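Descriptive structure summary
One letter stands for each residue in the lines below.
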Amino acid sequence: MSSPVPEPLSDEDARILALEDGPVRGHTCKVVLIGGPRTAAAIRERVAGRLAREPRLGVRLEEGERPAWVPDPQLDVERQVRDGGAVAAAGLGGAVAALMAQRLPRDRPLWALDVVAV
């Protein structure tokens, strides 16, 4: 069985990753307010059931001389869908700012879903 061929980074991907320096992050943020109680565990279950339909969510960055997207054999929904706890006194804006200040770990797919209670 052959291993999948790495997919070279697009010019746009390379530019976004090159932005990251010091406190600057190259990722984006979306905030979705969902009515009613939702838990990270319940959302993980829904995401896990859909990952096979979205193969791009299962690739990670392989850094080196020629960076590329490669399948992540260690893909773990527990690490991707994180329980952010309750929003503290800083409010939702403060919680989002704290999350956006974090660099996405390079040893896994470059996406995360943080579940916070407001």
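Residues numbered from 1 in each chain as written. Predicted model: local features only at pLDDT ≥ 70, side-chain atom pairs only at ≥ 80, totals over all residues. Heavy atoms only, no water.

**A few points about the pairing of strand β2 (residues 59-62)**
The side chains of a regular strand alternate between both faces of the sheet. Direction of pairing for β2 relative to strand β3 (residues 68-71): antiparallel, over a ladder of four bridges. Note on β3: the bridge partner recorded for E62 is A68. Taking the residues that link successive antiparallel strands as the turn, the β2-β3 hairpin has five residues, and the phi of G64 there is positive, at about 145°. (Pairing = 2+ DSSP bridges. Helix = DSSP H or I, 4+ residues; strand = E, 2+ residues; numbered from the N terminus.)

**Here's the deal with the sheet that holds strand β1 (residues 7-8)**
Reading across from one edge, β1-β3-β2 is the order of the three strands in this open sheet, with antiparallel pairing throughout. Taken across any chain shown, the strands that pair with only one partner, and hence form the sheet edges, are β1 and β2.

**Here's the deal with the pairing of strand β4 (residues 81-86)**
In this sheet, strand β5 (residues 113-117) lies alongside β4 in parallel orientation, the contact comprising five bridges. Within the sheet, the bridge partner assigned to D83 lies in β5 and is V115. This β-α-β element, β4 to helix α4 (residues 91-100) to β5, shows right-handed connectivity. (Right-handed = clockwise from strand over helix to strand, strands pointing away.)

**Looking at a nonpolar patch on the surface**
A surface patch of nonpolar side chains, amounting to about 410 Å² of accessible area, comprises V31, L33, L92 and V118. You can see L92 is positioned in helix α4. (Patch = residues over 30% accessible without salt bridge, like charges linked within 9 Å, V, L, I, M, F, W, Y side chains within 5 Å. Areas by Shrake-Rupley, 256 points an atom, 1.4 Å probe, with all protein chains shown as cover. Salt bridge = Lys/Arg side-chain N within 4 Å of Asp/Glu carboxyl O.)

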